[in-house]
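Residue strings, one per chain:
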Amino acid sequence: MDLEESAAQLGVPVDEVERVHRLADGRPSAPLPAKADAPAILERLAVRAQDAAEIMAGWPDADSPEWTPQLRWLLDRSIALVRADLGGYGWLSPGPELPRERGHAWRHLYVYAYLALVDVAMRYHRDHGIAEEVSWVTLADLGRNLAVDRRMNGEGWPVMQSWLTLHSRGSVYELGRLHHQRTDTSIDVHIPDSGPLTPEAVDASLDQARAFFPRHFPDEHYETFSCGSWLLDPQLAQYLPEDSNIVRFQRRFELEPYEEPEGLDCDVEVLRFVFRSLSTPLDQLPRRTVLQRAIADHLKAGGHWYWRRGRFPI
């Protein structure tokens, strides 16, 4: 495999191809499910009909002209790269950001990698005594993220392809309202787009996590819940009512001193999550909620939002 030629054919930087080759070289891959079984699996993963139709249309059949040797190599090595870190809990890029406008195979290559890893993740869950119901609910975050990406006209996926490797490796679990991620000494809390962030729903999810991790990962010891998010920016409290769900969520955490996150533009992240758009002009953003008005007005006034990290004892 000529890595420079492969990078040119894939339309990506050669150092990204070299990284995949280095991390996945000699590592075992995993097969995709049978094509006939894929529609039922996609349904269990909450993939909506339009996304499922594209995934099936671009399936890597042996005679598909869209699947070049370079694409097939990247799919195989991406699967191997993620599988090699099974049980890991750091963010992991499965491969380079592809020119997804080239076709279904290009648009959904990392979805095919995710599908190949479903059985790997399920076996890892079973080995840790995790109920199948929790496994499927967790892995069904694929469908939610594909729906977001479609709503964002393809602007959402580059972040999501790395986020979903946490699910494939047994790091993240959806327990009620929140996602909970294993780290070294803390359980990282993430907030999926799945309904109101009420104190009652948050309390119930935290209680589930308090029971879940000692039961299924008894050798790991966590001292705190932690969260890194724009939702913890204290500036929000200047705009939102004191009894808002976001402000009440903030009050749970003791904030760490501010450190600018490397490679992260918080203003962009706020636009991504609140408006699901990175290209709409500020004066054209919807203003249906107090939060939307606060975000837009703050940015229009020349302000910025900040990514803050906080924690509280388990």
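Trainee: Hey, could you run me through the packing of aromatic side chains in this one?
Mentor: One pass over the structure, following the stated rule, counts 14 aromatic pairs. Measuring from centroid to centroid gives 6.0 Å for Tyr-173 and Phe-217, while their planes differ by 50°, and the two rings are tilted. Residue Tyr-173 is found in strand 1 (residues 172-175), and its partner Phe-217 is found in the loop between helix 11 (199-216) and strand 4 (224-229); the two are separated by 44 residues along the sequence. Overall, the relative accessible area of 4% leaves Phe-217 in the buried class. A ring pair is formed by Phe-253 and Phe-312, whose centres lie 5.0 Å apart and whose planes are at 70°; its orientation type is edge-to-face. Taken as a pair, Phe-253 in the loop between helix 12 (245-250) and strand 5 (254-255) and Phe-312 in strand 6 (residues 308-313) lie far apart in primary sequence, 59 residues in all. Per residue, the accessibility class of Phe-253 equals that of Phe-312, and both read buried. In this structure an aromatic cluster arises from ring pairing among Tyr-173, Phe-212, Phe-213, Phe-217 and Tyr-222. Directly above the ring of Phe-217 sits Arg-182, whose terminal nitrogen or CZ lies 4.5 Å from the centroid.

Trainee: What exactly am I supposed to notice about helix 9 (residues 141-151) here?
Mentor: Owing to its 3.6 residues per turn, the α-helix aligns residues three or four sequence positions apart on the same side. With respect to burial, helix 9 is a largely interior element, eight of its 11 residues being buried. Turning to helix 9, its buried residues are Asp-141, Leu-142, Gly-143, Asn-145, Leu-146, Ala-147, Val-148 and Asp-149. Those residues of helix 9 that are buried are in contact with helix 4 (49-57), helix 6 (104-107), helix 7 (109-127), helix 8 (132-139), helix 10 (157-168) and strand 2 (178-182). After helix 9 finishes, the residue Asn-153 shows a positive phi value of roughly 55°.

Trainee: How do you make sense of the layout of surface pockets when you look at a structure like this?
Mentor: Gaps left between atoms are located by rolling a probe of water-molecule size over the structure's atoms. Within this model, the second largest pocket holds a volume of roughly 180 Å³. Around the second largest pocket, the lining residues are Glu-256, Pro-257, Tyr-258, Glu-259, Glu-260, Pro-261, Trp-307, Arg-308 and Arg-309. Considering only residue class, the lining of the second largest pocket consists of four nonpolar, no polar and five charged.

Trainee: Mind showing me how you'd approach empty space enclosed by the protein here?
Mentor: Tallied over the full model, the rule gives one cavity of 30 Å³ or more. Taken as a whole, the largest cavity spans an internal volume of roughly 90 Å³. In terms of lining, the largest cavity is formed by 13 residues, of which the most central are Tyr-110, Ala-113, Tyr-114, Gln-161 and Thr-165. For the lining of the largest cavity, the elements supplying multiple residues, two or more each, are helix 5 (69-83), helix 7 and helix 10. The biggest single contributor to the lining of the largest cavity is helix 10, with six residues.

Trainee: What is the right way to look at helix 10 in this model?
Mentor: With 12 residues, helix 10 extends 16 Å between its outermost C-alpha atoms, agreeing within 8% with the 16 Å of an ideal straight helix rising 1.5 Å per residue. The element helix 10 is extensively covered by neighbouring structure, given that 10 of its 12 residues are classed as buried. Among the residues of helix 10, Trp-157, Met-160, Gln-161, Ser-162, Trp-163, Leu-164, Thr-165, Leu-166, His-167 and Ser-168 are the ones counted as buried.

Cut-offs and rules
- Residues numbered from 1 in each chain as written.
- Predicted model: local features only at pLDDT ≥ 70, side-chain atom pairs only at ≥ 80, totals over all residues.
- Heavy atoms only, no water.
- Phe/Tyr/Trp six-rings, centres within 6.5 Å; stacked < 30°, edge-to-face > 60°.
- Helix = DSSP H or I, 4+ residues; strand = E, 2+ residues; numbered from the N terminus.
- Buried < 20%, exposed > 50% of the residue type's maximum accessible area, 1.4 Å probe, protein only.
- Lys NZ or Arg CZ within 6 Å of the ring centre and 35° of its normal.
- Contact = heavy atoms within 4.5 Å.
- 1 Å grid on protein atoms, 1.4 Å probe; cavity = no way out; pocket = protein on both sides within 12 Å on 5 of 7 lines; lining within 4 Å.
- Points joined across faces, edges and corners; volume = space filled by probe spheres on them.
- Nonpolar A, V, L, I, M, F, W, Y, C, P; charged D, E, K, R; others polar.
- Expected span 1.5 Å × (residues − 1).

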